[in-house]
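# Coordinate inspection notes
Residues per chain are reported as follows:
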Amino acid sequence: MTDDARTAPRGVGVVVVAAGSGTRLGAGMPKAFVPLAGRPLLGWALDTVARVPGLRSVVVVAPSGLADTGAPAWAGVTLPEGAVVVPGGAERTDSVAAGLAALDPACDVVLVHDAARCLAPVAVFVRVVDAVRAGAAGVVPGVAVVDTVKTVDARGVVTGTPDRATLRAVQTPQGFRREVLEAAHAGGAGATDDAALVEQLGHDVLVVDGDPRSFKVTTVDDLAHAERLLAGA
Ligand code: CTP
Ligand code: MG
């Protein structure tokens, strides 16, 4: 082993994006702080993040008005040891970039996770990290699509029916070699997930098995579903 290899940074950094407003949930507060079984969604998400093997650094990206962890909204949220909180931006991409900038330099693998996917199991995090460590530039968890999907034009007229077997609905955590994600955010814009920015750079992004429990809490029905899962119903 060379000196460089011995001193090279190693460790997993997780950026948890929690700065969205939760418009579709309509709870009158930012979605990550909405209670689920008595504790904020963010608290559930962070409990799992804290158990990720090889974890070195956690950055929570919070709404700018809630970046003070002493605020009452943070009751029931346990920050993983050494975690830092930074304010987010107008779009999800801005929030991810803010989190990435605050990440401990001693992380060679970065995961980006939606606080809204608060029940994503730790096994998914492990699959994503393992695939990045095995050499992938980018890794996303995905699940098969159950509906037939159509592409449409501006008038709503169907332009195609992609073969369902080739489709995956993707979730978070999405994992990347750190330098790849940094380059993607330095150059990219206008993507709905981080993997798309990495794809735009020409890197292969690998899909590993996701999990139904990694669904995103978006609507009131999703919140009720999460409550039922936690109640074991
Ligand atoms: N997010 C963020 N910063 C933003 C927008 C979104 O950190 N400017 C985060 C959300 O907090 C969430 C994740 O990105 O954990 C996925 O976004 P989404 O489900 O769209 O959440 P919201 O934007 O809060 O919800 P809505 O779109 O209904 O307002
Ligand atoms: Mg949103």
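Report follows, based on the coordinates. (Residues numbered from 1 in each chain as written. Chains lettered and ligands numbered in written order. Predicted model: local features only at pLDDT ≥ 70, side-chain atom pairs only at ≥ 80, totals over all residues. Heavy atoms only, no water.)

## Notes on the site of ligand 1
The environment of ligand 1 is made up of 18 residues, and the closest members are Val17, Thr23, Lys31, Ser95 and Lys216. Within the backbone of Ala116, one N or O atom sits 3.3 Å away from an oxygen atom of ligand 1. Here ligand 1, which alone exposes 560 Å², has 88% of that area covered by the protein. Of the residues that constitute the shell around ligand 1, the class distribution is six nonpolar, six polar and six charged. (Near = heavy atom within 4 Å. Polar contact = N/O pair within 3.5 Å; in protein donor to acceptor, adjacent residues only side chain to side chain. Areas by Shrake-Rupley, 256 points an atom, 1.4 Å probe, with all protein chains shown as cover. Nonpolar A, V, L, I, M, F, W, Y, C, P; charged D, E, K, R; others polar.)

## Looking at the nonpolar core
The biggest cluster of nonpolar side chains holds 32 residues, and the ones touching the most others in it are Val16, Leu42, Trp74 and Leu111. Going through the elements one at a time, strand E1 (12–17), helix H2 (41–49), strand E4 (55–62), strand E6 (109–114) and helix H4 (122–133) are the ones with two or more residues in this core. When residues of this core are assigned to their parent elements, the largest contribution, seven residues, is made by H4. Not counting residues up to four positions away in its chain, the partners in contact with Val16 are Leu42, Leu46, Val49, Val58, Val59, Val60, Val61, His113 and Ala115. (Core = buried A, V, L, I, M, F, W, Y, C linked by side-chain atoms within 4.5 Å. Buried < 20%, exposed > 50% of the residue type's maximum accessible area, 1.4 Å probe, protein only. Helix = DSSP H or I, 4+ residues; strand = E, 2+ residues; numbered from the N terminus. Contact = heavy atoms within 4.5 Å.)

## Details of the side chain of Ser214
Among the structural elements, Ser214 can be located in the loop between strand E12 (205–209) and helix H7 (220–230). Given a relative accessible area of 0%, Ser214 falls into the buried group. Apart from residues lying up to four places away in sequence, Ser214 is in contact with Arg117, Ala120, Pro121, Val124, Gln171 and Thr172.

## Notes on unusual backbone geometry
Cis geometry is adopted by the peptide bond preceding Pro173, which originates at Thr172 and carries an omega value of 10°. In the Ramachandran plot, Ala37 falls in the positive-phi region, its phi being about 50° despite a non-glycine side chain. Mapped onto the secondary structure, Ala37 falls in the loop between strand E2 (35–36) and strand E3 (39–40). By relative accessible area, which is 44% here, Ala37 ends up partly exposed.

## So, the side chain of Gln174
With respect to the helices and strands, the residue Gln174 is situated in strand E11 (residues 174–177). Looking at Gln174, the relative accessible area reads 2%, which means it is buried. Separated by 2.9 Å, the side chains of Gln174 and Asp193 make a polar contact. Here the side chain of Gln174 touches Ala195 through a polar contact of 3.1 Å, landing on its backbone nitrogen. Other than its neighbours up to four places away in sequence, Gln174 contacts Val110, Leu111, Val112, Val128, Val139, Val140, Pro141, Asp193, Asp194 and Ala195.

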